Each structure stands twice: as structure tokens, then as C-alpha cells.
Amino acid sequence: GNTIELTSKLSASIGRKFRAGLTVAYQPKSSSYFYKNGKWTVQALATFGTSQRNVTVGYGIINRGRQNVYQPWSSAWPPPYTEERIPDQSFITLGIVQKILPNLTLLSDNRINLGKRFFSYDDRGERATLSFALRLDRRRHSFDLGAYSFLYRNNYFWDGKKVRIVPYIGYNLMIGGKVK
């Protein structure tokens, strides 16, 4: 599949402890066989708190536009396609950053997909994605140790599980800017 995504972010402080932001992302078509166009994701975000302790909430929409859609009832080869307007997928997000100790931060980034399941349209069936991590902060870099989980609407079709948990390790490097 295609893993390229172009993202642009804009945010502004509105007061001492409030930021508003907008993220726009475009991912080119993920398969030349099924899809005509890529998908657009637009998300509005609001962050309450400081850089050390905050909560971020957001609402977003994924727009896939018009796509060639496979007709599953056909036995013809190659299978026939029709061009259809794919319904938008909306979602909400909730993120938390909480400094626990001077060199330890708790992170959580979560997304809940709203509306119906559109599996045929590049929707992998997730109802929600949840993550939890501990970040070991250093002067110019940090290490994350966490878990990322998928909660599916129905039994996941590969292994029959409704929940899948994936542990991860992350490394972040600060380039440029002032060091606190």
C-alpha cells in the first residue's frame, strides 16, 4: 500500500492556556487497481493547558471523493467497477500529555471513528484506536515506551479478535530551537 502522506498544520495561541489548530492531510491513492483519487483528512483541534500538562480534543472528516468501487456480486474477470461518491468518515480525537516527574511524561492519543462501517472504501473496521505511552525526557531527545491498540466494530476478519494491542518503542530527536 501507499504510505506517503502530505500534511500541513496551523495553530495559534488564544490566551495563555488555549490553542486552536487545523490539520489538513492528503494521501495519494493507495492502490491503482481500486482507487481513482487519494483521500483528504481535515481536522480541527483545541488544546487546553500548558506544554507540560494538556488535553487536546478534535473533530475530523476523511473525504475519499468519487472512487471506482468493486462490485462483489459479479463473477466476471476482471471484476466490474462503478464510480461512486464515497461517504465521508468523521472521527473525534482526544489526547493527553501529563508531566509526571521532571524526566517522565505520560502520553495518550485516541481516536473514535463515528458513523457506519465502510469497509469497502479503505475503512479497516476500527471503531477506535487508543494509545498510552511513557516518555523518558532528555535534554535534546526522548524515548517512548507504549502500547497502541485497535478496537474493531466486529470480529477482525484475519484472526477473529475485536481488540489488537501492539507495543512500541519510539525515539524523538529535537533539532534546532531552544533547549529548556
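For the structure, see preceding data.
The structure displayed is predicted, hence computed values, not measured ones.

Student: Would you mind going over the overall build of the protein with me for this structure?
Tutor: What the protein contains, in helices and strands, is zero helices and eleven strands. Starting at the N terminus and walking to the C terminus, you meet the elements of the protein as β-β-β-β-β-β-β-β-β-β-β. For the protein, the residues scored as buried account for 31% of the 180 residues in total. In the protein, the share of contacts with a sequence separation of at least 24, taken over all contacts with a separation of at least 6, comes to 45%. Total accessible area on the protein is roughly 12000 Å²; 61% of this is exposed by carbon and sulfur atoms.

Student: I'm lost on the pattern of salt bridges in this one. Help?
Tutor: Between side chains of opposite charge, pairing is possible as soon as their charged atoms come close. Inspection of the entire model under this criterion finds two salt bridges. Measuring nitrogen to oxygen at the nearest pair gives 2.7 Å for the salt bridge that ties Lys 99 to Asp 137. Remark: Asp 137 occurs in strand 9 (residues 126-137) and Lys 99 occurs in strand 7 (residues 89-101); sequence separation between them is 38 residues. When sorted by exposure, Lys 99 lands in the same class as Asp 137, which is buried.

Student: Please explain the packing of aromatic side chains as it appears in this structure.
Tutor: The geometry of an aromatic ring pair is captured by two quantities: the separation of the ring centres and the angle between the planes. All chains considered together, the criterion is met by four aromatic pairs. A ring pair is formed by Tyr 26 and Trp 40, whose centres lie 4.7 Å apart and whose planes are at 45°; its orientation type is tilted. Within this pair, whereas Tyr 26 is found in strand 2 (residues 18-27), its partner Trp 40 is found in strand 3 (residues 39-49), the two being separated by 14 residues in sequence. On the basis of relative accessibility, which here comes to 24%, the residue Tyr 26 falls in the partly exposed class. The partly exposed category is assigned to Trp 40, whose relative accessible area is 44%.

Rules of the game
- Residues numbered from 1 in each chain as written.
- Predicted model: local features only at pLDDT ≥ 70, side-chain atom pairs only at ≥ 80, totals over all residues.
- Heavy atoms only, no water.
- Helix = DSSP H or I, 4+ residues; strand = E, 2+ residues; numbered from the N terminus.
- Buried < 20%, exposed > 50% of the residue type's maximum accessible area, 1.4 Å probe, protein only.
- Contact = heavy atoms within 4.5 Å.
- Areas by Shrake-Rupley, 256 points an atom, 1.4 Å probe, with all protein chains shown as cover.
- Salt bridge = Lys/Arg side-chain N within 4 Å of Asp/Glu carboxyl O.
- Phe/Tyr/Trp six-rings, centres within 6.5 Å; stacked < 30°, edge-to-face > 60°.

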